[in-house]
Amino acid sequence: MKQRIKWFGTLGSLAAVGALVLSGCSSDGNAPTSSDASGALTPMTLQLQWFAQAQFAGYYAAVDQGYYEDEGLDVTIDEGGADIVPQDVLAAGDADYAISWVPKVLGSIEQGANITNVAQIFERSATTQISLKDKNIRTASDLVGKNVGSWGYGNEWELFAGMQKSGVELGDINLIQQAFDMTGFLAGDIDAAQAMTYNEYAQVLETVNPDTGELFQPDELNVIDWNEEGTAMLQDSIWANADKLQSDADYADNTVKFIKASIKGWIYAANNPAEAAGIVTAAGSTLGESHQLWMTNEVSKLIFPSSNGVGMIDESAWSNTVDIAMNTKNETGATIITTEPPVTAYTNEYVTKALDELKAEGVDVLGTDWKPTEVTLNEGGN
Amino acid sequence: MSTTSEQAAPLTRGALGVAKQHQPRRSGVRTRLRGGLFGLAGLVLLALIWELYKTFGPVDGVVIGTLTVLPRTSDLAMPHLWVMFERVLEPVTGAASALPLWAAVLAGSLFTLGIAAVGWLVGVTVGLALALLMQRFRLAESAILPWIILSQTVPLIAIAPLVRRWGAQIQFGEFSWESWMSVALIASYLAFFPVSVGALRGLASPDTNHVDLMHCYSVGWWKTLWRLRLPASVGYLLPALRLAAVSAVVGSVVAEVSIGLRGGIGRLIVEYAGAAGNDPGKPWAPIFGSILVGLVAAGFVGLIGLFLRRFRREEVSA
């Protein structure tokens, strides 16, 4: 009998400890991203391709400034993660819209995802290869014989296309798997490192150059810009469910509203970079203050000034992206896609309506006179 | 029916198994104290090796052929320990509202610890239930055990997005599935395995003559379980629980990164990694945080072991 009581006592104390641990977990870190929904708002979910950061400043600004609410939408922004593929989440019906790069989605579409690019938010590509001046790497043809970094996983195609265009074979370079920090570049293992203008390029400029004792300066670096090399591919765009656009009139209407409010968010971010950076930081990003501001400013440069209005998909840019996706081979000899994507892969129908509404409201959707701000980066991005 | 337990009792008084069975308790405390000191000495030694290698190691690291086997000694690759500790005291970013780094990491550690604890509890419950089922029915063992082993060969990165996707579709009444539950579920997926296998071995561990004795007394399965099998399984169960705790922590950290959950150590590790080039002390902070979580988790299982010490005859490595 004594034995039995001891057992119960043990179990009881275990349960008590367990309950304590559990109660400590009841508050979770997912703060609601949207304001309290009144009954009239339509709930919508946007799936990002990475954590909250100024790369998505326009969407966070549209939530914060109430632009989505003005359109009758209650938008929840779902952050991405290392293994979250936004177009898959969208195709599975778990998000209403997704942000992703065109070349990455083209592959998914060929494998059966029925989704549509409804707004090409970033008109320009932010992917570059950067190198120290003394390496003398100015164009793709200078990469021959060099250690060239790339993240892979679909981030390598502009580089490969640029090399192919200049007649540089993959065997001519030493391709190095690049990590998500720039230590490989700074240590000299990588001669030409892949860098997004809004992120890794800034990481280098936030680092002290051991030779000068001061932060790296832009004039100490060479940058191969794929926009200039002619092998830029379309990046961040808004993707919608193609089936639902056909079958669900409300969803089609809401798509116009969603694009409209998102564009307003991006215009706000471009004109108020400091506030937009603050909004993103408040949404949970832990990037340093000057780095966040730099990122806001740089992504605005990818959008403004806009050739045809923010979000319009330029036919020649689209076909250039498709062309590269079909004809550029990676190190295994594979291409992103083997056949032309279906006509449902993109449409300007909804973005045109959204832009017309914005123009009618007197909104400048071209930003012809927009000027980027000067951002001073601090060491460590702080 | 108290014979078995009373026989076992004198054997289990010692804190550290059979060899110590007749020694007075105080020596157990002293042993533990000495263990702690050795642990501390190991830590100091590790720190010493780090700094010595950094000072005297080759600048370009130890390279065999083209393969780097030991890292560079630069401040980027191997920051001084004091750089890491100084960094912990400074704010996360330059923003006025930024917390000190240690506070942010501690908050992340607690968040991850909470999720890992839930995952551990679920995993242990499921693991024990499976072990009991397999012990009770030989058919169940043949049917389930291969699947349990197979389950651990599925890579985490494959199941993480699936779990999140399925979870997003669960909603009944007030309850809706949240992302942290997906992480806890993935943690439990890793945690249940050692428990089910360890408990099964433990439940099967009593001597045949003990089991036969139970038969002679015509004692039922439940009572045999309570009086004989469960006490006998403790020695197998505790290492399994510890393994499960560590697996739950690792699973939580990896799953946080995988599905992009904010608030925990996994997220901090990825977010701070970008600073490796220009703020080399920063990425180490969440790594220390995850070590802390692992230590607390293992310590918690140690506490359970303290409660169950009268049943610990000897521990069998899982």
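Thresholds applied
Residues numbered from 1 in each chain as written. Chains lettered and ligands numbered in written order. Predicted model: local features only at pLDDT ≥ 70, side-chain atom pairs only at ≥ 80, totals over all residues. Helix = DSSP H or I, 4+ residues; strand = E, 2+ residues; numbered from the N terminus. Buried ≥ 20, exposed ≤ 12 C-beta atoms within 10 Å, placed from the backbone. Contact = placed C-beta atoms within 7 Å. Domains from an automatic or database assignment. Nonpolar A, V, L, I, M, F, W, Y, C, P; charged D, E, K, R; others polar. Pairing = 2+ DSSP bridges. Axes fitted to C-alpha atoms, helices over the stretch in contact; angles between N-to-C directions. Core = buried A, V, L, I, M, F, W, Y, C linked by C-beta atoms within 7 Å. Expected span 1.5 Å × (residues − 1). Bend = angle between axes of the 7 residues up to and from the residue.

### Observations concerning the overall build of chain A
When you go through chain A residue by residue, the secondary structure sums to 15 helices and 10 strands. The 382 residues of chain A split such that 51% are buried. Summarising the internal contacts of chain A: among those between residues at least 6 apart in sequence, 81% fall at separations of at least 24.

### What to know about the overall build of chain B
Regarding its fold elements, chain B presents 11 helices and four strands. Scored against the burial criterion, the 318 residues of chain B give a buried share of 41%.

### Side note on the domain arrangement of chain A
Residues and elements named next belong to chain A. Taken domain by domain, chain A comprises domain 1 (42–124 + 233–381) and domain 2 (127–229). Counting residues at the interface gives 20 residues for domain 1, matched by 18 residues for domain 2. Where the side of domain 1 that touches domain 2 is concerned, the elements lending two or more residues are α5 (102–110) and α13 (289–303). The dominant element in the side of domain 1 that touches domain 2, judged by the number of residues it contributes, is α13, at five residues. Here the side of domain 1 that touches domain 2 is composed, by residue class, of eight nonpolar, seven polar and five charged.

### Side note on the sheet that holds strand β2 (residues 73–78) of chain A
Residue and element names in this part refer to chain A. Spatially, β2-β1-β3-β10-β4 is the arrangement adopted by the five strands of the open sheet, whose pairing is mixed. Two strands bound the open sheet, and with one partner strand each, they are β2 and β4 (115–119). For this sheet, the mean angle separating the axes of adjacent strands, direction not counted, is 30 degrees. When strand β1 (residues 42–47) meets β2, the two strands line up parallel, connected through six bridges. Residue pairing for β2: Met44 is matched across the bridge by Val75.

### As for α5(A)
All names here are of chain A. Counting buried positions along α5 gives seven out of nine residues, so the element sits mostly inside the fold. Contacts made by the buried residues of α5 are with α4 (86–91), β3 (97–100), β4, α6 (157–165), β10 (237–241) and α14 (315–327). Gly112 sits one or two residues past α5 and shows a positive phi near 115 degrees.

### Describing the nonpolar core
Formed by 180 residues in total, the largest nonpolar core has its most connected members in A:Tyr60 and B:Ala187. Per-element tally for this core: the top contributor is helix α9 (residues 221–259) of chain B, with 18 residues.

### Focus: unusual backbone geometry
Residues and elements named next belong to chain A. Residue Pro305 is reached from Phe304 by a cis peptide bond, and omega for that bond is -10 degrees. Position of Pro305 relative to the elements: it lies in the loop between α13 and α14. The residue Tyr153 is not glycine, and still its phi comes out positive at about 50 degrees. Classification of Tyr153 by C-beta neighbours within 10 Å gives exposed; the count is 9.

### Some points on the interface of chain A and chain B
Contact with chain A, which involves 39 residues of that partner, is made by 42 residues of chain B. Those elements that place two or more of their residues in the side of chain A that touches chain B are α1 (2–23) and α7 (183–186) of chain A. Here the residues of the side of chain A that touches chain B are counted per class, giving 12 nonpolar, 19 polar and eight charged.

### Side note on the environment of A:Gln164
Residues and elements named next belong to chain A. Along the polypeptide, Gln164 turns up in helix α6. For Gln164, a count of 17 C-beta atoms within 10 Å puts it in the partly exposed group. Sequence separation between Gln164 and Thr328 is 164 residues; the distance between their C-alpha atoms is 7.3 Å.

### Here's the deal with α9(B)
Taking 1.5 Å per residue, 39 residues should reach 57 Å; α9(B) reaches only 44 Å between its end C-alpha atoms and comes up short. Residue B:Val234 marks the point of greatest curvature in α9(B), where the axis turns by about 50 degrees.

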